[in-house]
Amino acid sequence: MKEAFRRIFGADPDGVWAAPGRVNLIGEHTDYNDGFALPIAIPHTTLLAVRRRRDGRLRLHSAQGDGPLIDLDVASLVPGVVTTWGAYPAGVVWALREAGHRIGGADLHVDSTVPTGAGLSSSAALECAVAFAYNDLFELGLSAPALALVAQRAENGFAGVPCGVMDQMASACCTAGTALHLDIRAAAHEHVPFAPEAQGLRLLVIDTRVKHDLGDGAYAALRAGCERAARRLGLAALRDLAPAELPRAGRMLPADLVPLVRHIVTENARVAEAVSHLRAGRIAALGPILTAGHASLRDDYRISCAESDLVVDTALDAGALGARMTGGGFGGSVIVLVEEDRADALAAAVTGAFRSAGYRAPHLFAVSPAPGARRIE
Ligand code: GLA
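**Q** Would you mind showing me how to read the overall build of the chain here?
**A** Within the chain, the regular secondary structure consists of eleven helices and 13 strands. Computed over the C-alpha atoms, the radius of gyration of the chain is 21 Å, within 12% of the 21 Å expected from 2.2 N^0.38 for a compact globule of 377 residues. The principal-axis extents of the C-alpha atoms in the chain amount to approximately 60 × 50 × 40 Å. For the chain, with 377 residues in total, the buried portion stands at 55%. Contacts in the chain between residues far apart in sequence, at least 24 positions, make up 72% of those at least 6 positions apart. Total accessible area computed for the chain in this model is approximately 14,800 Å², and 51% of it derives from carbon and sulfur atoms. Each charge class in the chain was averaged separately, 36 positive and 41 negative side chains, and the resulting centres sit 3 Å apart.

Printed below as a string of structure tokens:
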């Protein structure tokens, strides 16, 4: 990173930061409903070398981007001026300035192993790396959760994506060997032990390598649907609806909102169930919870797709303990919990099923919970 930085900017960086991508074990689309989620950070990481500048310029370079250096003026950053990948780092700088922090310009070089468009939160990783670097270099004294909120503000207000805060919290706050139990309303998080290898298990990530366009507007529409349902029920958020109240709520809501509400309420309950199993060290017991979560996203929330369903069905046929799509939906990645000695056969079965269906070969890899964002140099 240092060498690349020197080549691009002709000077040494002040430091190097790292921030990971994530997969969510359970608790999907619950974050913007004030609910619960259980992500882990993955070993795939965004690295960022940074040098402060005194002239208010923000210059951005990416090892993955093929474009030229992006050169911006910090004082005139406004939403809409950057529409490429540069919107994420520039958005963080904008969000910090908006929040009243005394920050300036910098040279940034990014290199990432987090696949983009795979539902593994490459944008949150980039945002968090920048937020952590700025926090250190400009001595802002912000906590990791506060930096996650800055990163989310960048995505909502600058990049224009109305996401919740799960991805940024995962990238900012996860620790190795644990899953992050998030309670969004309480702004609380807790690290729960999660080491599948120690129990002879593997957590596989299977990137379907499809991203259906539908996803873009659909996320905002789903979020709006949940908020409408909460208003109709007289609740601050769907987090406030207990499973026992679902039948009564169903009678008060228009038919199209009922399955959305059912997903959120049952999904929050699945997070609680999963956390109690993990606390007791019963990782295999997550399997059926994952699979039930997938059925709920497929049938009630309706954000799965043929490719993700094929992975889940094939994995279960090949003996997986459980499988589900993870992340925002409409493609992206599936997670599979499987006994170690079945993992290879399962991977071959999924690859074979994709070939037979005429789909592009999926990317498969095992993950274990990795550390969150930090300074590494
Ligand atoms: C995306 C968003 C998150 C969350 C998930 C679904 O990853 O960025 O905030 O809503 O979708 O759980």
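Text resumes after the structure shown.
**Q** So what exactly am I meant to see when it comes to the nonpolar core here?
**A** Note that soluble globular proteins tend to have their nonpolar side chains buried in a common cluster. Formed by 53 residues in total, the largest nonpolar core has its most connected members in L58 and Y134. Element by element, the count of residues in this core is highest for helix α3 (residues 122-137), at nine residues. Apart from the residues within four sequence positions on either side, Y134 is in contact with L58, V93, L96, I103, G104, G105, A106, E139 and L140. I42, V275, I289 and L337 belong to the second-largest nonpolar core, a separate cluster that totals 29 residues.

**Q** Is there a simple way to explain the sheet that holds strand β8 (residues 188-193) in this structure?
**A** Taking strand neighbours across the sheet as the criterion, the three strands line up as β2-β7-β8 in an open arrangement whose pairing is antiparallel. Only two strands of the sheet have a single neighbouring strand rather than two, namely β2 (36-37) and β8. The sheet contact formed by strand β7 (residues 178-183) and β8 spans six bridges and is antiparallel. Looking at β8, one finds that T178 is bridged to P193. On top of the sheet, helix α8 (residues 258-279) reaches β2, β7 and β8; it is set at about 45° to β8, its chief contact.

**Q** Even after reading the chapter, I still don't get the environment of D299, so can you show me in this structure?
**A** For D299, the location among the structural elements is in helix α9 (residues 286-300). Looking at D299, its side chain comes within polar contact range of the side chain of R298, at 2.8 Å.

**Q** Help me understand the site of the ligand in this model?
**A** As a matter of local geometry, the ligand sits amid R22, E28, H29, D31, Y32, C163, G164, M166, D167, Y219, G327 and G328. With respect to the ligand, the side chain of E28 contributes an N or O atom lying 2.7 Å from an oxygen atom. The side chain of Y219 places a nitrogen or oxygen atom 2.6 Å from an oxygen atom of the ligand. Notes on the ligand: free accessible area 310 Å², of which the protein chains cover 92%. One can see that the ligand is located within the largest pocket. Taken together, the residues of the shell around the ligand break down into four nonpolar, four polar and four charged. Summarising the domain contributions, the shell around the ligand has at least three residues from each of domain 1 (2-193) and domain 2 (196-367).

**Q** What am I meant to see in the packing of aromatic side chains here?
**A** To describe a pair of aromatic rings, you give the distance between the ring centres and the angle between the ring planes. Taken as a whole, this structure holds five aromatic pairs when the rule is applied. Taking the centre distance of 5.2 Å and the plane angle of 75° together, the rings of F354 and Y359 count as edge-to-face. What makes F354 buried here is its relative accessible area of 0%. Accessibility expressed as a relative area gives 28% for Y359, which makes it partly exposed.

**Q** Is there a simple way to think about the layout of surface pockets in this case?
**A** Sizing a probe to match a water molecule and rolling it over the atoms shows the empty space that remains. Of the volumes computed, that of the largest pocket is approximately 1,000 Å³. Residue lining of the largest pocket: 42 residues in total, with Y88, S121, S122, S123 and E155 positioned closest to the centre. Residue assignment for the lining of the largest pocket shows that the elements contributing at least two residues are β6 (105-112), α3, α5 (166-173) and α6 (215-232). Here the lining of the largest pocket is composed, by residue class, of 15 nonpolar, 19 polar and eight charged. Shared between two domains, the lining of the largest pocket takes at least three residues from each, and those domains are domain 1 (2-193) and domain 2 (196-367).

**Q** I would appreciate a short explanation of the pattern of salt bridges in the present structure.
**A** Side chains bearing opposite charge may pair, as long as their charged atoms lie close to each other. A full pass over the atoms with the stated rule returns 20 salt bridges. Among the charged side chains, a network of salt bridges with common partners joins E28, E267, R270 and R324.

Definitions and cut-offs
Residues numbered from 1 in each chain as written. Predicted model: local features only at pLDDT ≥ 70, side-chain atom pairs only at ≥ 80, totals over all residues. Heavy atoms only, no water. Helix = DSSP H or I, 4+ residues; strand = E, 2+ residues; numbered from the N terminus. Rg over C-alpha atoms; globule rule 2.2 N^0.38 Å. Buried < 20%, exposed > 50% of the residue type's maximum accessible area, 1.4 Å probe, protein only. Contact = heavy atoms within 4.5 Å. Areas by Shrake-Rupley, 256 points an atom, 1.4 Å probe, with all protein chains shown as cover. Lys, Arg positive; Asp, Glu negative; His and termini not counted. Charge placed at Lys NZ, Arg CZ, Asp CG, Glu CD. Core = buried A, V, L, I, M, F, W, Y, C linked by side-chain atoms within 4.5 Å. Pairing = 2+ DSSP bridges. Axes fitted to C-alpha atoms, helices over the stretch in contact; angles between N-to-C directions. Polar contact = N/O pair within 3.5 Å; in protein donor to acceptor, adjacent residues only side chain to side chain. Near = heavy atom within 4 Å. 1 Å grid on protein atoms, 1.4 Å probe; cavity = no way out; pocket = protein on both sides within 12 Å on 5 of 7 lines; lining within 4 Å. Sits in = over half its atoms within 2 Å of the grid points. Nonpolar A, V, L, I, M, F, W, Y, C, P; charged D, E, K, R; others polar. Domains from an automatic or database assignment. Phe/Tyr/Trp six-rings, centres within 6.5 Å; stacked < 30°, edge-to-face > 60°. Points joined across faces, edges and corners; volume = space filled by probe spheres on them. Salt bridge = Lys/Arg side-chain N within 4 Å of Asp/Glu carboxyl O.

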